[in-house]
Amino acid sequence: MAGLVLERVTKVYPNGFEAVHELDLTVADGEFMVLVGPSGCGKTTALRMVAGLEDVSSGTVRIGERVVNDVSPKDRDIAMVFQNYALYPHMTVAQNIGFALKLRKLPKREINAKVRAAAAVLGLTEWLDRKPAQLSGGQRQRVAMGRAIVREPSVFLMDEPLSNLDAKLRVQMRAEVSRIQRRLGVATLYVTHDQTEAMTMGDRVAVLRAGVLQQCDEPQTLYDRPRNLFVAAFIGSPAMNLYEARLHEGARRLTIGSQSVALPDAVLAARPALAAYAGSRVVAGIRPEDLPAATGTSGQTLEGDVDLVEALGSELLVHFSIDATRVHPEGSQTTEGDELGASGELTSSGAGIARVDARAKVRAGTRATFSLDPERLHFFDPASGEAIWR
């Protein structure tokens, strides 16, 4: 049984820049782990340390039971799939897939058998005699995967392998890569900046920010219980709406701008720590899909001035504004005019997005009413950014 373990792994460059800080991560044998985060957060550096392409400043990298900090890349029993495919243009598909086996001086019959087996898994059998230039982007990516598969490694490392593909092909290849990985049952560390890719592919997802691990959980847990403001804003598309708010009446009522929401007992039972914030500021989070268009007068609501409606066929994305302060976790993308808030977060006007049914009668330039379930609200400490639970 082989897996991958990173223990307090740190990378500091000669100029003093710390790209990765004490990263603890375990990828079990057969597990598909996705490392996700914005550009420059250290995820590729972490992958390269596992591969042996970057030295580890401190900490331990283990593959199986073996510490590999000082082991050369070729002796680590890993296979890497790159963003740019790195295929040899003068070789056929079969020669590209079998090249590593040829370097090992395996018998030609064994090489041919392994190449054909990998090609069958990847749907490349009829293309084995073609050159890379004669293939589509998706086929080239499958060849790159085939080259990794035939090595039968203990660990697969994938560095944004789908980012060069068009949107439709990327969706196809997401399913393909996941299917192949599950069939092979090899521990896989997959790096991407695309949170949708991370959520749809990973058994678990590790969110990295400025070299520091923020949260590592199953995709649904990241979505339902983000540990802090950064994870809340990063996971989910469109992103969670985050507003400055205040709790009143013993934390039984929440005000967002001039609007008020009653909090039932179930909210305080699920988040007992909220009681300590009575009379204080909090950050309230609402996912766009938790703001359907109101269909009647019953229940609690949130109103907003509609700025833009995007029709996506099956649904509408309604961009609206309320008289509250929008919160952006430090380091996230901001727009011109944003200001730095006292809590170290970037704030702007109360823009928001609601995901509503395509048949909803919502028009730009009007005021819309959205249904709001208080039990679907998220709450965060405005100073630390940590989620408020127990």
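Read on for a plain summary of the structure. Computed from a prediction, not measured in an experiment: that's the story for all the values here. (Residues numbered from 1 in each chain as written. Predicted model: local features only at pLDDT ≥ 70, side-chain atom pairs only at ≥ 80, totals over all residues. Heavy atoms only, no water.)

**Here we look at the overall build of the protein chain**
Note the cut-off: Secondary structure elements are defined from DSSP: runs of H or I of at least 4 residues count as helices, runs of E of at least 2 residues count as strands, and each element is numbered from the N terminus. For every residue, the accessible area (1.4 Å probe, protein chains only) is compared with the maximum for its type, and the residue is labelled buried under 20%, exposed over 50%, or partly exposed between those bounds. Contacts are assigned to residue pairs with any non-hydrogen atoms lying within 4.5 Å of each other. We get accessible surface area from the Shrake-Rupley algorithm with a probe of 1.4 Å; when it comes to residues, only the shown protein chains can shield them. Think of it this way: Lys and Arg go in the positive column, Asp and Glu in the negative one, and His and the chain ends go nowhere. Charge positions come from single atoms, namely NZ of Lys, CZ of Arg, CG of Asp or CD of Glu.
A count of helices and strands for the protein chain gives nine helices and 20 strands. Principal axes of the C-alpha set define a box for the protein chain whose edges measure 75 × 45 × 40 Å. Classification of the 390 residues of the protein chain by burial places 49% in the buried group. For the protein chain, long-range pairs separated by at least 24 residues make up 70% of all intrachain contacts whose partners lie at least 6 apart in sequence. Summed over its atoms, the accessible surface of the protein chain is roughly 18200 Å², and 49% of this surface lies on carbon and sulfur atoms. Between the mean site of the 45 positive side-chain charges and the mean site of the 47 negative ones, the protein chain shows a separation of 9 Å.

**A word on the packing of aromatic side chains**
What counts is decided by this rule: Only Phe, Tyr and Trp rings are paired, with Trp represented by its six-membered ring, and only when their centres lie within 6.5 Å; those with planes under 30 degrees apart are stacked, over 60 edge-to-face, the remainder tilted.
Under the criterion given, the structure shown has four aromatic pairs. Ring centres 5.5 Å apart and planes at 40° place the aromatic pair F32 and Y190 in the tilted group. Of this pair, F32 sits in strand β3 (residues 32-36) while Y190 sits in strand β8 (residues 187-192), and the two are 158 residues apart along the sequence. The class of F32 is buried, set by a relative accessible area of 0%. Each ring, one from F230 and one from F234, has its centre 5.7 Å from the other, and the planes form 10°; the classification is stacked. Note that F230 and F234 are positioned in helix α8 (residues 229-234) at a spacing of four residues, about one turn of the helix. No difference in accessibility class separates F230 from F234, as the two residues are buried.

**A look at the side chain of T188**
Worth spelling out the cut-off: By the criterion applied in these results, polar contacts are pairs of N or O atoms within 3.5 Å in which, for protein atoms, one can donate a hydrogen and the other can accept it, and in which residues neighboring in sequence qualify only through two side-chain atoms.
Its place among the elements puts T188 in strand β8. A polar atom in the side chain of T188 sits 3.5 Å from the side chain of Q181. For T188, the residues in contact, after removing those within four places along its chain, are V27, E31, F32, M33, F156, M158 and Q181.

**A short note on empty space enclosed by the protein**
To be explicit about the condition: Grid points spaced at 1 Å over the protein atoms alone were grouped into cavities, where a 1.4 Å probe fits but cannot get out, and pockets, open sets with protein on both sides within 12 Å along at least five of seven lines, with lining residues defined by an atom within 4 Å of a point. Grid points are joined across faces, edges and corners, and a volume is the space filled by probe spheres set on the points. Residue polarity follows a fixed list, in which Ala, Val, Leu, Ile, Met, Phe, Trp, Tyr, Cys and Pro are nonpolar, Asp, Glu, Lys and Arg are charged, and the others, Gly among them, are polar.
Applying the stated rule across the entire model yields one cavity of 30 Å³ or more. Its volume calculated, the largest cavity comes out at about 50 Å³. In terms of lining, the largest cavity is formed by V81, M145, A148, I149, F156, M158, I180, Q181 and L184. Of all the secondary-structure elements, those providing two or more residues to the lining of the largest cavity are α4 (137-149), β7 (155-159) and α5 (167-184). Of the residues belonging to the lining of the largest cavity, the class tally is eight nonpolar, one polar and no charged.

**Some details on helix α3 (residues 108-122)**
The following threshold applies: In this analysis, the expected span of each helix is defined as 1.5 Å times one less than the number of residues it contains. Taken from the helix axis, the directions to the C-beta atoms give the arc we talk about.
Taking 1.5 Å of rise per residue, the 15 residues of α3 would be expected to cover 21 Å, and the 21 Å separating its terminal C-alpha atoms lies within 8% of that figure. Within α3, burial applies to I111, V115, A118, A119, V121 and L122. Taken down its axis, α3 places every buried residue within 155° of arc, on the same side. Exposed side chains of α3 directed beyond 90 degrees from the buried face belong to R109, R116 and A120. On the buried face of α3, the contacting elements are α2 (93-103), α4 and α5. One or two steps after α3, the chain reaches G123, where phi turns positive at roughly 70°.

**Considering the nonpolar core**
Here is the rule: Take the buried residues of types Ala, Val, Leu, Ile, Met, Phe, Trp, Tyr and Cys, join any two whose side-chain atoms come within 4.5 Å, and each joined set is a nonpolar core.
Counting residues in each nonpolar core, the largest one holds 45 residues, and the members touching the most others are I97, V177, Y190 and V207. The element best represented in this core is α3, accounting for six residues. Those residues in contact with I97, other than ones at most four positions away along the chain, are V115, L124, L128, V143, G146, R147 and V150. Ranked by size, the runner-up nonpolar core spans 33 residues in total, among them V267, V362, L372 and F379.

**Some remarks on the sheet that holds strand β2 (residues 18-27)**
Cut-off, in case you're wondering: Strands were regarded as paired on the criterion that DSSP finds at least two bridges between them.
In spatial order, the strands read β2-β1-β4-β5; together these four strands make up an open sheet with antiparallel pairing. Strands at the two margins of the open sheet, each flanked by one partner only, are β2 and β5 (66-67). Across two bridges, strand β4 (residues 58-63) lies against β5 in antiparallel orientation. Paired with R62 across the bridge in β5 is V67.

**Focus on the side chain of E197**
Note the threshold: Basic side-chain nitrogens of Lys or Arg form a salt bridge, by our definition, when they fall within 4 Å of a carboxyl oxygen of Asp or Glu.
Within the secondary structure, E197 is located in helix α6 (residues 195-201). Among buried charged residues, E197 stands out as having no salt bridge; its nearest opposite-charge side chain is R170, 4.6 Å away. Within the local environment of E197, its side chain forms a polar contact with the side chain of Y190, the two groups lying 2.7 Å apart. Once residues lying within four places of it in the same chain are set aside, the contact partners of E197 are L162, R170, R174, Y190 and T192.

**Quick look at the pattern of salt bridges**
Within the structure shown, the criterion is met by 18 salt bridges. One salt bridge in this structure joins R359 and D357, with 3.0 Å as the shortest N-O distance. Members of the salt-bridge network, linked through shared partners, are K11, R48 and E54.

**Focus on the pairing of strand β15 (residues 301-311)**
Walk down a regular strand and you will see the side chains alternate between the two sheet faces. Bridge count between β15 and strand β19 (residues 367-371): five bridges; the pairing is antiparallel. In the sheet register, T301 faces β19, and the bridge partner there is S371. With six bridges connecting them, β15 and strand β16 (residues 315-328) associate as antiparallel partners. The residue bridging E310 from the neighbouring strand is L317, located in β16. Once β15 ends, the chain turns through three residues before running back antiparallel as β16, passing G313 with a positive phi of about 90°.

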